[in-house]
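Listed below, chain by chain, are the residues.
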Amino acid sequence: MRVYNGKSVFGGIAIGKIRVYKKDVQQVKRTKATDADVELARYASAKEEAVRQLQVLYDKALKEVGETNAAIFEVHQMMLDDVDYNESVENIVRSQEVNVEYAVAATGDNFSQMFAAMDDDYMRERAADVKDISERLLTILSGKEDHTAMGEEPAIIIADDLAPSETVQLDKDMVLSFVTVHGSTNSHTAILARMMEIPALVGTKLPLDDTVDGKMGVVDGASGKIYVDPDEETLAQMRDRQKEEIHKKELLQTLKGRENVTLDGQKVMLYANIGNIKDLAMVLQNDAGGIGLFRSEFIYLEKEDYPTEEEQFQIYKQVAETMAGKRVIIRTLDIGADKQCDYFEMEQEENPALGYRAIRICLTRPEVFKTQLRALFRASAFGNIAVMYPMITSIGEIRRIKDIAAEVKAELDAQGTPYGEPEQGIMIETPAAALVSDMLAKEVDFFSIGTNDLTQYTLAIDRQNPKLDEFYDPHHPAILRMISMVVENAHKAGIWAGICGELGADESLTRDFLAMGVDELSVSPGSILPIRKIVLETNVEEYRSRSLDTRNNF
Amino acid sequence: MKEFKYVITDEMGIHARPAGLLVKAVKGYNCSVKMEKGGRTVDCKGIMGVMSLGAKKGDEVTLTFDGADEDVAYEAISKFMQENL
């Protein structure tokens, strides 16, 4: 058994034969063609067919992944309609008296080189788009059927790289997964993998020869691994996981697109927690209503030095745009305790969990905090961003945050930089915050209860110490009473309250949370649909009357 | 002939999508619409040319309108630039 690592662009398990996909490179011959009009008529009809194919791809993408993401195919259509491109083809055909295939290949090369030479990463990537449309024309002109036709049995496709349109054109029924040596997790590939709903890896360093071709393989989209010639144990384990996934997929089929509403009409928002921008595909796949907790610290932890405002802005903007108007709650920097960042040069502490962390760092190092807030406020002009502050214990902290936020906005105003007005909320994860939640509720737009820390602080149990596991009871009535109290205080002040800790995904408590009136549950993407199922099957009134006064029962 | 100078404010500059929208908008008029940046001039009726300028945030571009309907085109396209770029 050999294992290769890649970057996952779509989760899931695929088991089957591996097929090495060699690009059907269009061998273009330069031949003499004296009748230019005949050649150009062939060009015109090939172009018409290409535009038609792209329209099909566009419609498919529009329906499945939305307008912004489908736009690439519309851009391809416009490229085919480009005056310069078409003039170049016509010129070559007429002046050199050659076949139109040659003219298209030469024009495609010239134009893609022009983009490849630009001093801008984004524009350099467009060279691939020009190549893609030229290849499409050449395939149509060659009269060959779909050059991506596969063998007789479905297989794991391994290739050096795949163009966006190639990925879409691969015969879906014959592809179990695709794995590429090159390619980045750029949105095209990721989106297209999502359209096909199959596990996919990019940037996987494996040989494209007989040592893998035709061999048995397993792709694990969750861990980004491909196993070649897997041993029995791995195979059995993966088969089990595959079964689970199929079951989940079936659940997904029946639950996707449904509103989160109980039998007696109570609604709840089901959002996703994410720790990395790579998780976005999972968020969409599982039909999350929004992002309830975006852990911004990954941006800091992945870097060797402080991330710039621009770096952060691009990431926040991308998330906001991808979620297309759905709420994205971004938690400001939460490092310290178990999450350390060298360049912050923090001192060793006796009690890191009770120490210098999260908002405490931000308030004492306003330059770091302001950079993040600037990026967040600017990005919120591009979508529905909400900002959430961690580790709050008092009203004083909120006021200090507000002062800094006001300074940031004044600076942006002075520079004429556009920004949005994101909702401002806080995490309730300290007993202090829970106990004064009636006061805090008047200062903010929402609460999100962080049950992991709330439990550790309330029960005085160090989460990192395995010896204490038997004493760690997340269902402790103290915790449930606190949650109930926080929700009640939020509602009294007219704001909403959610839960973003692990407890939010605890299916044995979903009914209790509904009975308490929790407005939002933010859980890992994979837990959204199972929770939705419970919501759809619950009658809250009946449950409440059965359990009498909920709070006294805890 | 009419001329319109504009400094790009969009963070991404004239990337594929707005370039496509611009070309679409320009094609609705008969007059010629050209864009110049740093000494290079391209026809706004072709997406590749528009993209090849690589106009980024802060870059100044000059659009020229020439033809019978240049006045209406000028109005509409300058508005388009201000709203989208």
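Structure report, in brief. These numbers were taken from a predicted model, which means no experiment stands behind them. (Residues numbered from 1 in each chain as written. Chains lettered and ligands numbered in written order. Predicted model: local features only at pLDDT ≥ 70, side-chain atom pairs only at ≥ 80, totals over all residues.)

**Examining the overall build of chain A**
Helices and strands together make up the secondary structure of chain A, namely 22 helices and 16 strands. Sorting the 554 residues of chain A into buried and exposed places 45% on the buried side. By sequence separation, contacts in chain A at least 24 residues apart represent 69% of the contacts at least 6 residues apart. (Helix = DSSP H or I, 4+ residues; strand = E, 2+ residues; numbered from the N terminus. Buried ≥ 20, exposed ≤ 12 C-beta atoms within 10 Å, placed from the backbone. Contact = placed C-beta atoms within 7 Å.)

**Section: unusual backbone geometry**
Across the chain, the bulk of peptide bonds are trans and the bulk of non-glycine residues have phi less than zero. Residue and element names in this part refer to chain A. In this structure, D287 is a non-glycine residue whose phi angle is positive, near 65°. Looking at the element boundaries, D287 is found in the loop between α9 (280-285) and β10 (291-295). D287 sits in the partly exposed class, given 18 other C-beta atoms within 10 Å. Look at A460: it is not a glycine, yet its phi comes out positive at around 55°. Locating A460 in the fold gives a position in the loop between α17 (451-459) and α18 (477-492). With 9 C-beta atoms packed within 10 Å, A460 lands in the exposed category.

**Looking at the interface of chain B and chain A**
On the chain A side, the residues contacting the 15 residues of chain B number 16 residues. Listing elements by their share of the side of chain B that touches chain A, those giving two or more residues are α1 (16-26) and α2 (47-52) of chain B. Residues of the side of chain B that touches chain A, tallied by class, amount to five nonpolar, six polar and four charged. (Nonpolar A, V, L, I, M, F, W, Y, C, P; charged D, E, K, R; others polar.)

**Describing the sheet that holds strand β14 (residues 446-449) of chain A**
Residues and elements named next belong to chain A. Read around the closed barrel, the eight strands follow the order β9-β10-β11-β12-β13-β14-β15-β16; overall the barrel is parallel. Averaged over all adjacent pairs, the angle separating strand axes in this sheet is 25°, with direction ignored. Relative to strand β13 (residues 423-428), strand β12 (residues 385-389) runs parallel, the two being bridged by four bridges. When the bridges of β13 are listed, M388 appears paired with G425. Running at roughly 155° to strand β11 (residues 328-331), helix α11 (residues 309-322) makes contact with β10, β11 and β12 of the sheet. Across the sheet, helix α20 (residues 528-537) touches β9 (269-274) and β16 (520-523), and the angle it forms with β9 is around 160°. (Pairing = 2+ DSSP bridges. Axes fitted to C-alpha atoms, helices over the stretch in contact; angles between N-to-C directions.)

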